[in-house]
Every structure is written in C-alpha cells, then in structure tokens.
Amino acid sequence: MRKLLPPILFVMFIAAMCVICWALGMHHLIPTPYNVAGLPLLLGGLALAVNGKKVFRQHNTNIMTFGQPDVLVTDGIFQYTRNPMYLGFCIALTGVAILIGGSIIALLLTALFLWITDRWYIAFEEQMMRNTFGAEYDAYCQKVRRWL
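It should be emphasised that the depicted structure is a prediction, and the values quoted were computed from it without experimental measurement. Per chain, residues are indexed from 1 in the order of the written sequence. Per-residue local features are limited, in this predicted model, to residues with pLDDT of at least 70; the limit for side-chain atom pairs, both in listing and counting, is 80 or more; totals at the level of whole chains, interfaces and linings are taken over all residues. Side-chain descriptors were evaluated using all non-hydrogen atoms of the structure, hydrogens and water having been removed beforehand.

Draft legend 1. Expanded view of the nonpolar core. One finds F13, M17, F78, F113 and Y137 to be the most contacted residues of the largest nonpolar core, which totals 38 residues. At the level of elements, α1 (6-23), α2 (38-58), α3 (84-99), α4 (104-133) and α5 (135-143) are the ones that each hand at least two residues to this core. Segments assigned H or I by DSSP are reported as helices when at least four residues long, segments assigned E as strands when at least two residues long, and all are numbered from the N terminus. Sorting elements by how many residues they give to this core places α3 first, with nine residues. With sequence-adjacent residues up to four places away left out, F13 is seen in contact with L93, L109, L112, F113 and I116. Only buried residues count toward a nonpolar core, which is a set of Ala, Val, Leu, Ile, Met, Phe, Trp, Tyr and Cys residues joined through side-chain atoms within 4.5 Å. For the exposure calls, accessible area comes from a 1.4 Å probe over protein chains only, and a residue counts as buried if that area is under 20% of its type's maximum, exposed if over 50%, partly exposed in between. What makes two residues a contact is simply this: any of their non-hydrogen atoms within 4.5 Å.

Quick look at the structure:
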C-alpha cells in the first residue's frame with residue numbers, strides 16, 4: 001500500500017465509480033439535470049486539495065505521504081482542517097458520485113475512500129508527525145480537527 005499514493009487511489013476510485021455505475025447499469029438516484037449539483041463539489045474539493053498542496057510548497061516541505069515530515073504546517077487552510085488534501089479528495093469524490101447519478105455503489109465507494117484515507121494514510125501520517133514534532137503536534141491536534 002506504500003506505493004499507492006492518495007492521488008492515484010483517488011483516480012482509481014473515480015474510474016471504479018464510472019465503470020461500475022455505467023457498465024453494470026446501476027440504478028441512479030439523482031436524475032439529470034439535478035446531478036449537475038455535483039460539479040461544484042467536484043471543483044471545490046479539487047480546489048481545496050490544490051490549496052493544501054500549495055501551502056506545503058510555500059513552506060518548502062515534503063508532501064509525500066510516506067516521506068519524513070520536516071515542517072509542521074499550521075497556517076493557511078491548515079488552520080481549519082489538518083487534512084485539506086484528503087478532505088478535498090473526499091468532497092470531489094462525492095461530487096463525482098452525484099454527477100454520475102448518485103447510485104448507491106458510487107456513494108459507498110466514496111465512503112470506502114474516506115475510510116481507507118482515515119485509517120491508512122492519515123493514521124500513518126499522524127504517527128509520523130507525532131514522532132517528529134511531539135507536543136507541538138499534539139497541541140495542534142487539540143486546536144484543529146482531523147477533517148472539519
């Protein structure tokens with residue numbers, strides 16, 4: 001799983017949603033034109049993820065999931081959520097699920113992505129952050145929630 005980086009998993013989940021929903025003819029809960037409501041979620045989620053990446057770049061810090069953290073970033077969007085990139089991916093996936101008609105399987109895949117992200121990637125990163133920054137990271141966690 002260390003080779004499967006979050007953006008790649010994100011794209012894989014979009015592909016899985018599309019293939020399962022269209023190829024298998026899943027029942028769509030959200031008809032056209034109401035499914036277009038997913039577009040702002042998709043774009044907003046991607047913007048959130050890009051914003052988080054931009055803040056990392058401004059601090060010239062490691063963005064790789066399994067790399068050693070070298071800077072504790074707590075400003076910008078990181079004042080509101082500890083994981084804006086993962087949150088952005090989850091919001092964007094919700095948007096995709098709505099855009100393709102909101103089938104039950106698409107919504108379940110979104111929930112599965114959130115679960116994998118929370119239990120695998122974030123849990124790993126939080127342990128690395130705690131090992132690297134100790135009490136400073138714990139204080140940050142007390143002020144800022146993991147997701148929202």
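Draft legend 2. Main features of the packing of aromatic side chains. Classification of ring pairs uses Phe, Tyr and Trp, with its six-membered ring standing for Trp, and accepts pairs whose centres are within 6.5 Å; under 30 degrees between planes counts as stacked, over 60 as edge-to-face, and the remaining range as tilted. Within this structure, the stated rule accounts for nine aromatic pairs. Residues F56 and F78 carry aromatic rings whose centres are separated by 5.1 Å and whose planes lie at 20° to one another, so their mutual orientation is stacked. Note that F56 is positioned in helix α2 and F78 in the loop between α2 and α3, a separation of 22 residues in sequence. A relative accessible area of 3% means that F78 is categorised as buried. An aromatic cluster is built from F10, F13, F89 and F113, whose rings are joined through pairwise contacts.

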